[in-house]
Amino acid sequence: MNEKLKNQSPLVKSVLNLDTHFSDLERLSSRIQEMDLKTDFDMNQARQLMARFSESATAVSTEIVELAARLEEARMRAEENGRIVALKAEELQSKQSTQEDKMVAFQKLTAKVAELNEELKMLRKPEGEEYSPEEKEVVNGRMAKLRHQLQPLIDEANVLKDEARVGRMKVLEQNADSLSQSLSAISQKLAMLQPEMAH
């Protein structure tokens, strides 16, 4: 029991001490109540028991004050721990919100790249077919528009990739890098189409 008590927290020790003193108080109270007080011996024993009862009552009062102090310490520690967890929860919420924002930005960027790819496909005629001079003029206009849209998207993909790296969002970093490469590929396709349109 002593070994167990030694390893307990101050709060648990205080509770156990109070319980022990309170048990003593009840035991002494019962013994005093049962005494007949018929002889001098009975009265002497009663006085001794009453003195011990008084000591136990003082010990109970002292331990109650001690327990109250321990409970207050525990309450303050619980509040401090609560503050620490609340701060971490705020940080987690902020990071999750940032990640969600970046993912939304990535999805929007992906949609824009898909649109560019579709428009690029429409610029190519089937194998063996030639563009008329009028069609070449229209296609050149579209290509100029695509080139104008392309660089800001490449820049956006690179910014997103850098932000993901800083934020340690590995999957998003890889996806943004892949998107940046797709945009570069579109740029190369446009560069290959341009000479064809010049003829």
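As a reminder, the structure under discussion sits directly above these lines.
So, here's what we can say about the structure.

The rules behind these values
Residues numbered from 1 in each chain as written. Predicted model: local features only at pLDDT ≥ 70, side-chain atom pairs only at ≥ 80, totals over all residues. Heavy atoms only, no water. Core = buried A, V, L, I, M, F, W, Y, C linked by side-chain atoms within 4.5 Å. Buried < 20%, exposed > 50% of the residue type's maximum accessible area, 1.4 Å probe, protein only. Helix = DSSP H or I, 4+ residues; strand = E, 2+ residues; numbered from the N terminus. Expected span 1.5 Å × (residues − 1). Salt bridge = Lys/Arg side-chain N within 4 Å of Asp/Glu carboxyl O. Axes fitted to C-alpha atoms, helices over the stretch in contact; angles between N-to-C directions. Parallel < 35°, antiparallel > 145°, perpendicular 65-115°, else oblique. Left-handed = near helix turned anticlockwise from the far one by under 90°. Contact = heavy atoms within 4.5 Å. Nonpolar A, V, L, I, M, F, W, Y, C, P; charged D, E, K, R; others polar.

**What to know about the nonpolar core**
Side chains of a nonpolar character, in soluble globular proteins, are inclined to be buried together. Leu 116, Leu 150, Leu 183, Ile 186 and Leu 190 are the most contacted members of the largest nonpolar core, which totals 22 residues. Only helix H3 (40–123), helix H4 (133–166) and helix H5 (170–198) provide two or more residues apiece to this core. Broken down by element, this core gets its largest block of residues, 9 residues, from H4.

**Let's talk about H4**
Since the α-helix turns once every 3.6 residues, residues separated by three or four places project in the same direction. With 34 residues, H4 should reach 50 Å at 1.5 Å per residue; the first-to-last C-alpha distance of 50 Å fits that figure. Those residues of H4 that sit buried are Lys 136, Val 139, Met 143, Leu 146, Leu 150, Leu 153, Ile 154, Ala 157, Leu 160, Lys 161 and Ala 164. At the C-terminal side of H4, Arg 168 shows a positive phi close to 55 degrees.

**Structural notes on the pattern of salt bridges**
Two side chains with opposite charge may pair up if their charged atoms get near one another. Inspection of the entire model under this criterion finds 11 salt bridges. Between Arg 70 and Glu 66 there is a salt bridge; the shortest N-O distance is 3.0 Å. Here Glu 66 and Arg 70 lie together in helix H3, a separation of 4 residues that amounts to about one turn. Across the pair Glu 156 and Lys 112 runs a salt bridge whose closest N-O atoms are separated by 4.0 Å. Highlighted residues: Glu 156 in helix H4 and Lys 112 in helix H3, separated in sequence by 44 residues. Glu 156 gets classed as partly exposed once you look at its relative accessible area, which sits at 32%. By sharing partners, the salt bridges in this structure join Glu 66, Arg 70 and Glu 73 into a single network.

**Quick word on the packing of H3 against H4**
Direction vectors running N to C along H3 and H4 enclose 155 degrees, while the axes themselves pass 10 Å from each other. Judged by the inter-axis angle, H3 sits roughly antiparallel to H4. Two packed elements cross with a definite hand, and for H3 against H4 that hand is left-handed. Between H3, through Lys 102, Ala 105, Phe 106, Leu 109, Lys 112, Leu 116, Glu 119, Leu 120, Met 122 and Leu 123, and H4, the contact on the second element is made entirely by Val 139, Arg 142, Met 143, Leu 146, Gln 149, Leu 150, Leu 153, Glu 156, Ala 157, Leu 160 and Glu 163. Tallied by class, the residues present in the contact of H3 with H4 amount to 14 nonpolar, 1 polar and 6 charged.

**With respect to the environment of Ala 86**
Along the polypeptide, Ala 86 turns up in helix H3. Expressed as a C-alpha distance, the spacing of Ala 86 and His 21, which sit 65 residues apart in the sequence, is 40 Å.

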